Amino acid sequence: MTAINDIFIITRRQLLLLTRVPEVLIFSTIQPVMFVLLFRYVFGGSIDTGQPGGYVQLLMPGIFVQTVAFTLAGTASGLAEDMKKGLIDRFRSLPISQSALVVGRTLGDSLLNIVVLAVMGIAGFIVGWRPSSGVGNVALGFLFLLFFGYALSWVGVLVGLSASDARVVQNVSFIVTFPLTFLSNAFAPTTGMPRVLQYFAEWNPVSTMVAACRELFGLENQFGATAGSFPSEHPLVTSLFYMVVIMVIFVPLSLRKYRNYAE
Amino acid sequence: MKSVIAENLVKTYDKGKVRALDGLNLDVEEGTVLSVLGPNGAGKTTVVRILTTLLRPDSGNAQVAGIDVINHPEKVREVIGLSGQYAAVDEILTGYDNLVMFGELYHLGKKQAVARANELLERFSLTEAAKRPIKTYSGGMRRRLDLAASLIVKPKVLFLDEPTTGLDPRGRQEMWGVIQELVKGGVTLLLTTQYLEEADQLADDIAVIDTGKVIARGTSDALKKQVGGERLEVVVEQQHIAKTMEIVSSVSGNKAGLDEGLRLITAPVSTGSVALFEVLKSLDAAGIHALDVGLKRPSLDDVFLALTGHAAEVKEDSKEVKK
């Protein structure tokens, strides 16, 4: 029970940080909202989806997934920052559960995602996004998104604890996350890509997540790759599988890294 | 009763290439202050990190307040306070927020954590700054807050790793005042420092460490006797170096050291201005004109010179090679 209490205190600290530096919250919501508007009005006119409601219906799941994927960078740079200040030494010398700091951090980042997703959802609604699958499925879609962000947050823990400098973390996370989100079905059909990239895009967890969300929001997954492949036929199962695998690999690795971080 | 015991601690980094601790032995008697004195890279931070459970030694034993550090780190964490070289408090949060958070992490409960935070802020003269984010604090204020955070539950043993490094003289004075108050209150304290003067001001006992080993142990008076009080420094022309070294050595009674680049000859002296006068007289008699000559208060370098025969080299500090 004290472990849960410790985690709660750490998570609360992070929320307190958000109230003290509201810019963080403001910019973490402005950026995705900006993406929504840019993609909606720059590409929306020229991409014919044949879908009722147009491009924005397909775009929103893509941008949701891209945004939660960047949780990796958020968690990583937050931890790297704490490390730089010697704060982690203090936490590690306290009589608290040794995983509290990292678990609390990942939960805090997920709470931030809830806020960001809500703001994006509202922005999307304003520019014409209308999920047609009913409240239950839409909620399930958001739950999927949060879980995906949470899983990637654990990758961020490892990146953040391994990096030598907080600025490096930003760059590394960006280099990992950006191609992953664009080599996918998030913004455009994968059918226009070279063959090799198509295969990558097909199995890319971002693609399966986007496809899963489209399904849950009541759309046909039109930007999907070659029909008939397992990930495009079963995006929900594949995504869930990916998330579990990421957690199974990165939770123990990250916790070990944290315990031995000084070595 | 010994509050801290370290036996034969060995710690290497970089697959054995860097030997940060090389069979180090230490102990601190309950209710006393031990200062671990040494240059950068001597292993000071590594000792503190091992004793505070942040690092595991390659071999050796350590106990804090009777608890085995290696086998029961979680129990050790309940009885220690640590304040490191960098103020380990959250920059963005206020001083008050920080202390309440740490109080809650020590499982004090909200009410008690708040009471304790206010008490500590008052005691370290931070009440006025309590509601300001730490990033607006001066270096000295940060260190005081950091120290306050390490005292939230009265620790049985307190570890301060270079508590005044990087502070301006005023900040250092303030910090010394605060630590002296703690010492009066009877805390058991292990403190590391690069400054002899700091060890002198604060500690009952001093352990001088070099290349991961304790090379001398004693009260500051005893160590100073070994150093020989003050130090004589003479700068001469190149051709007079040999003769001058001879003169300085004979006046000092210790072999004089030489910095060839600066043509600076130094030796510890115990008779102060008398020794200075003697050296000048001898130089004059030898027809040597000194370019510069003076008496310096003993420094860590002198302790080192006296104890090890080599100057305190500046090496890469252990904390920088830890990754």
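Residues numbered from 1 in each chain as written. Chains lettered and ligands numbered in written order. Predicted model: local features only at pLDDT ≥ 70, side-chain atom pairs only at ≥ 80, totals over all residues.

### Quick word on the overall build of chain A
Helices and strands together make up the secondary structure of chain A, namely twelve helices and zero strands. In terms of overall dimensions, chain A has C-alpha extents of about 60 × 35 × 35 Å along its principal axes. Taking all 263 residues of chain A together, 46% fall into the buried category. Taking the intrachain contacts of chain A between residues at least 6 apart in sequence as the baseline, contacts between residues at least 24 apart amount to 81%. (Helix = DSSP H or I, 4+ residues; strand = E, 2+ residues; numbered from the N terminus. Buried ≥ 20, exposed ≤ 12 C-beta atoms within 10 Å, placed from the backbone. Contact = placed C-beta atoms within 7 Å.)

### Digging into the overall build of chain B
When its secondary structure is counted, chain B shows eleven helices and 14 strands. Judged by the C-alpha coordinates and their principal axes, chain B covers about 75 × 45 × 35 Å. Counting all 323 residues of chain B, 47% fall into the buried class.

### A look at the sheet that holds strand β3 (residues 33-37) of chain B
Residue and element names in this part refer to chain B. If you trace the six strands from one edge of the open sheet to the other, you get β6-β7-β8-β3-β9-β10, paired in mixed fashion. Each edge of the sheet is formed by a strand with only one pairing partner; in this case those strands are β6 (80-83) and β10 (213-218). Taken pair by pair, the neighbouring strands of this sheet meet at an average axis angle of 15 degrees, ignoring direction. With five bridges joining them, strand β7 (residues 157-161) and strand β8 (residues 188-193) adopt parallel strand pairing. Of the residues in β8, the one forming a bridge with D161 is T192. (Pairing = 2+ DSSP bridges. Axes fitted to C-alpha atoms, helices over the stretch in contact; angles between N-to-C directions.)

### Some thoughts on the interface of chain A and chain B
The parts lose accessible area when they come together, and the size of an interface is often stated as this lost area. Counting residues at the interface gives 20 residues for chain A, matched by 26 residues for chain B. Among the elements that make up the side of chain A that touches chain B, the one with the highest residue count is helix α1 (residues 2-20) of chain A (seven residues). Taken together, the residues that form the side of chain A that touches chain B break down as nine nonpolar, four polar and seven charged. (Nonpolar A, V, L, I, M, F, W, Y, C, P; charged D, E, K, R; others polar.)

### A short note on the packing of helix α3 (residues 55-69) of chain A against helix α6 (residues 100-126) of chain A
Axis angle and axis distance: for two packed helices, these are the angle between their axes and the distance between the axes, and together they describe the pair. All names here are of chain A. Direction vectors running N to C along α3 and α6 enclose 160 degrees, while the axes themselves pass 11 Å from each other. Comparing their axes, α6 and α3 come out roughly antiparallel. Read as a crossing pair, α3 and α6 show a hand that is right-handed. Taking contact as the criterion, the partners of V56, M60, I63, F64, T67 and V68 in α3 are, on α6, N113, V116, L117, M120 and G124. (Parallel < 35°, antiparallel > 145°, perpendicular 65-115°, else oblique. Left-handed = near helix turned anticlockwise from the far one by under 90°.)

### As for the sheet that holds strand β2 (residues 18-29) of chain B
Residue and element names in this part refer to chain B. If you trace the four strands from one edge of the open sheet to the other, you get β2-β1-β4-β5, paired in antiparallel fashion. Among the strands making up the open sheet, the edge pair consists of β2 and β5 (67-68). Packed on one face of the sheet, helix α1 (residues 44-51) meets β1 (2-13), β2 and β4 (59-64) and runs near 120 degrees to β1.

### Some thoughts on helix α3 (residues 95-105) of chain B
Across the eleven residues of α3 of chain B, eleven count as buried, placing the element largely inside the fold. For α3 of chain B, the secondary structure elements touched by its buried residues are α1 of chain A together with α4 (110-123) and α5 (139-149) of chain B.

### Considerations on the domain arrangement of chain B
What the domain assignment reports for chain B is domain 1 (2-225) and domain 2 (230-296). On a C-alpha basis, the centroid separation for the pair domain 1 of chain B and domain 2 of chain B is 40 Å. (Domains from an automatic or database assignment.)

### A closer look at the pairing of β4 of chain B
All names here are of chain B. As paired elements, β1 and β4 share five bridges and run antiparallel to each other. Bridge pairing in β4 places E7 opposite N61. For β4 and β5, the ladder comprises two bridges, and the chain directions are antiparallel. Paired with Q63 across the bridge in β5 is D68. Counting the residues between successive antiparallel strands, the hairpin from β4 to β5 contains two residues, one of them, A65, with a positive phi of roughly 50 degrees.

### Observations regarding α3 of chain A
Residues lying three or four places apart along an α-helix face the same way, a consequence of the helix completing one turn every 3.6 residues. In a regular helix each residue adds 1.5 Å, so 15 residues correspond to 21 Å; α3 of chain A covers 21 Å between its end C-alpha atoms and thus fits that length. Among the 15 residues of α3 of chain A, 15 are classified as buried, and the element is accordingly described as predominantly covered. (Expected span 1.5 Å × (residues − 1).)

### Quick look at the packing of helix α7 (residues 135-162) of chain A against helix α8 (residues 166-182) of chain A
All names here are of chain A. Close contact between α7 and α8 brings their axes to 9 Å; oriented N to C, the two are set at 140 degrees. Between α7 and α8, the angle is such that the two are oblique. Remark: the crossing between α7 and α8 carries right-handed chirality. Of α8, the residues touching α7 (which contributes G156, V159 and G160) are V169, V172 and S173. Its residues placed into classes, the contact of α7 with α8 shows three nonpolar, three polar and no charged.

### Section: the environment of S270 of chain B
By secondary structure assignment, the location of S270 of chain B is in the loop between β13 (264-269) and α10 (273-285). Residues S270 of chain B and S252 of chain B, spaced 18 residues apart in sequence, show a C-alpha to C-alpha distance of 7.6 Å.

### Topic: the nonpolar core
Core analysis: the largest hydrophobic core is formed by 89 residues, its most contacted members being F64, V65, L145, F148 and C213 of chain A together with L99 of chain B. Broken down by element, this core gets its largest block of residues, 13 residues, from α7 of chain A. Beyond its immediate sequence surroundings of up to four residues, F148 of chain A is in contact with V65, V68, M209 and M243 of chain A. (Core = buried A, V, L, I, M, F, W, Y, C linked by C-beta atoms within 7 Å.)

### Looking at unusual backbone geometry
Keep in mind that most residues, glycine aside, have a negative phi and that most peptide bonds are trans. All names here are of chain B. In the Ramachandran plot, E162 falls in the positive-phi region, its phi being about 45 degrees despite a non-glycine side chain. A positive phi angle is found at R263, which is not glycine, with a value near 55 degrees. Looking at the element boundaries, R263 is found in the loop between β12 (257-259) and β13. By C-beta crowding, R263 is classed as partly exposed, having 17 other C-beta atoms within 10 Å.

### As for the environment of L16 of chain A
Relative to the helices and strands, L16 of chain A is located in helix α1. Residues L16 of chain A and R92 of chain A, spaced 76 residues apart in sequence, show a C-alpha to C-alpha distance of 21 Å. Dropping the residues within four chain positions of it, L16 of chain A is found in contact with L93 and D97 of chain B.

### Brief notes about the confidence of the model for chain B
All names here are of chain B. Confidence in the prediction for chain B averages 87 pLDDT; 92% of positions are at 70 or higher. The secondary structure element of chain B with the lowest average pLDDT is helix α11 (residues 300-308), at 69, and the one with the highest is β5, at 96. Note on residues 314-323: pLDDT under 50 across the span, and 22 contacts to partners over four residues away in sequence or across chains. What the predictor reports for the complex is a pTM of 0.79 with an ipTM of 0.83. (pLDDT = per-residue confidence, 0-100.)

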